[in-house]
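# Observations on the three-dimensional arrangement
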Amino acid sequence: MNTLTESKVLTSDALRSETRQAWIADRVSYFVALLIATFLILESINNSFAQRTIGAARHNTVAVSSDGTLWGWGSIDFDDGQGNTLLTSPGQVPNLDEVISVTSGSTQGASFTVALKSDGTVWTFGSNMYGELGYITPFLFGDSMGPNFTPKQVTGLEGVKAIAAGGAHVVVIKSDGTVWTWGKNSNGQLGVGDISDRTLPVQVPGLTAVSYTHLTLPTICFKCRSRWSRYLYRGGGGGGGG
């Protein structure tokens, strides 16, 4: 084989090799882009589940507007500044903004609302018979605390990522993967090892590195690292008996 022929063969082999490498690189880039897009889509779905923009109890409804304000109607559990206790169309909850998620509960005909703000703080208002607001209010009669109709921050909770409410109890997940709860506990729904109600947030023991996929009551689904676990909290999801 002369030098010219050998040169042509080498050139042809080099071109085929470069073409093959370019094809492989193109496919790798495609699959990497596909993986990234899939991750972003799943993350978006995950966040949309966690950030609930509407909630409903037995006699009222609450919703988050696109500007972060909170609105409610029905038998309202907030002071609208005009003395109304019933609204047949949405009314704004005063002194509360930057809301990204909301949920509500109801027991014995009295409702309460839990709102998550963009800074990771939790704000509540409404009925507080069993400590479902996460703080102490003046006692109404006996051991039953009275309501609070003005949004108030639940202290000691920062970095909250997801919220859910039962009939008269609340569960939240923090950014550090811990789960916190408070309110009525007659059936052990708080998961803290007893049946005593809690007025202030307490951490659920034995749950760490928890990330939310879909948080709702009476059923909560958690993803704990690579294992899937389901914890069933009983006590009504917006209807009675927390």
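Up top is the structure.
A brief report on the enclosed structure follows.

The rules we used
Residues numbered from 1 in each chain as written. Predicted model: local features only at pLDDT ≥ 70, side-chain atom pairs only at ≥ 80, totals over all residues. Heavy atoms only, no water. Buried < 20%, exposed > 50% of the residue type's maximum accessible area, 1.4 Å probe, protein only. Helix = DSSP H or I, 4+ residues; strand = E, 2+ residues; numbered from the N terminus. Pairing = 2+ DSSP bridges. Polar contact = N/O pair within 3.5 Å; in protein donor to acceptor, adjacent residues only side chain to side chain. Contact = heavy atoms within 4.5 Å. Axes fitted to C-alpha atoms, helices over the stretch in contact; angles between N-to-C directions. Core = buried A, V, L, I, M, F, W, Y, C linked by side-chain atoms within 4.5 Å.

Of all the six residues making up strand E12 (residues 169–174), six are buried; the element is thus mostly covered by neighbouring parts of the structure. Burial along E12 is two-sided: His169, Val171 and Ile173 and Val170, Val172 and Lys174, pointing in opposite directions, are all buried. Sheet topology places strand E11 (residues 160–165) next to E12; five bridges connect them, and they run antiparallel. Residue pairing across strands places isoleucine 163 opposite valine 172, the latter belonging to E12. Between E11 and E12, which pair antiparallel in sequence order, lie three residues. Once E12 ends, the chain turns through four residues before running back antiparallel as strand E13 (residues 179–183), passing glycine 177 with a positive phi of about 85°.

On to the side chain of threonine 124. Note that threonine 124 resides in strand E7 (residues 122–126). Residue classification places threonine 124 among the buried residues on the basis of a relative accessible area of 0%. A polar contact is formed between the side chain of threonine 124 and the backbone oxygen of leucine 133, at a distance of 2.7 Å. The residues touching threonine 124, leaving out its near neighbours within four places in the chain, are Thr113, Val114, Leu133, Tyr135, Asn148, Thr150, Pro151, Lys152 and Val154.

With antiparallel pairing, the four strands of this open sheet are ordered in space as E11-E12-E13-E14. Of all the strands in the sheet, just E11 and strand E14 (198–203) have a single pairing partner and so form its edges. Between one strand axis and the next, the sheet turns through 15° on average, direction left out of account.

This part covers the nonpolar core. Val122, Leu157, Val160, Ile163, Val172 and Trp182 are the most contacted members of the largest nonpolar core, which has 15 residues in total. Broken down by secondary-structure element, the contributors of at least two residues to this core are strand E6 (110–117), E11, E12 and E13. Leave out the neighbours within four places in its chain, and leucine 157 touches Gly120, Thr121, Val122, Val172, Lys174, Trp180, Trp182 and Pro201. Within the second largest apolar cluster, 13 residues are counted, among which are Ile76, Val93, Leu96 and Val102.

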